[in-house]
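Descriptive analysis of the structure
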Amino acid sequence: AGGHAGFSLYCLGIQSASHTISSFVVTVRFFSEFLLHWGNHRASLLGCLLREQRRRDLAREQGLGILMALALLGSCMGLLMEIFRKVRTWNDWQSDLGARDGSQRAAAQA
């Protein structure tokens with residue numbers, strides 16, 4: 001019953017990585033906007049650069065957003081399958097957990 005040990009931790013790791021990537025994208029966008037406004041460009045050149053930069057940023061963010069959405073969807077589906085598997089095998093899983101606790105107590109007493 002314990003053959004899937006750590007699966008939920010892998011799913012949580014995927015979710016954590018997704019949030020990290022999202023934070024990185026927001027940070028990159030902030031610094032790119034900041035650097036464009038910080039430079040001494042003419043107004044027309046700045047408008048053109050901003051439009052092109054925002055178009056590239058939008059394409060990158062859309063691609064990463066779709067990739068993260070698919071990863072999160074897969075992670076959620078995996079967690080749901082793990083929940084249903086644990087519900088279906090609850091008695092076996094609970095007895096296996098109890099036996100493991102008993103062997104750990106015996107090893108700790110020795």
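The coordinates are above.
Residues numbered from 1 in each chain as written. Predicted model: local features only at pLDDT ≥ 70, side-chain atom pairs only at ≥ 80, totals over all residues. Heavy atoms only, no water.

A word on a nonpolar patch on the surface. Together, Ile 66, Leu 70, Leu 73, Met 77, Leu 80, Ile 83, Phe 84 and Val 87 give the surface a local cluster of nonpolar side chains, amounting to about 830 Å² of exposed area. Along the chain, Ile 83 falls in helix H2 (residues 43-88). Looking at Ile 83, the relative accessible area reads 46%, which means it is partly exposed. (Patch = residues over 30% accessible without salt bridge, like charges linked within 9 Å, V, L, I, M, F, W, Y side chains within 5 Å. Areas by Shrake-Rupley, 256 points an atom, 1.4 Å probe, with all protein chains shown as cover. Salt bridge = Lys/Arg side-chain N within 4 Å of Asp/Glu carboxyl O. Helix = DSSP H or I, 4+ residues; strand = E, 2+ residues; numbered from the N terminus. Buried < 20%, exposed > 50% of the residue type's maximum accessible area, 1.4 Å probe, protein only.)

Under the definition given, this model contains three salt bridges. A salt bridge links Arg 29 to Glu 61; the nearest nitrogen and oxygen atoms lie 3.0 Å apart. Residue Arg 29 is located in helix H1 (residues 7-38), and its partner Glu 61 is located in helix H2; the two are separated by 32 residues in the primary sequence. Overall, the relative accessible area of 31% leaves Arg 29 in the partly exposed class. The class for Glu 61 is partly exposed, based on a relative accessible area of 21%. Two residues, Glu 82 and Arg 85, come together in a salt bridge whose shortest N-O distance is 2.9 Å. A residue pair is termed a helical-turn pair when its members lie 3 or 4 positions apart in one helix, as Glu 82 and Arg 85 do in helix H2 at three residues. On the basis of relative accessibility, which here comes to 14%, the residue Arg 85 falls in the buried class.

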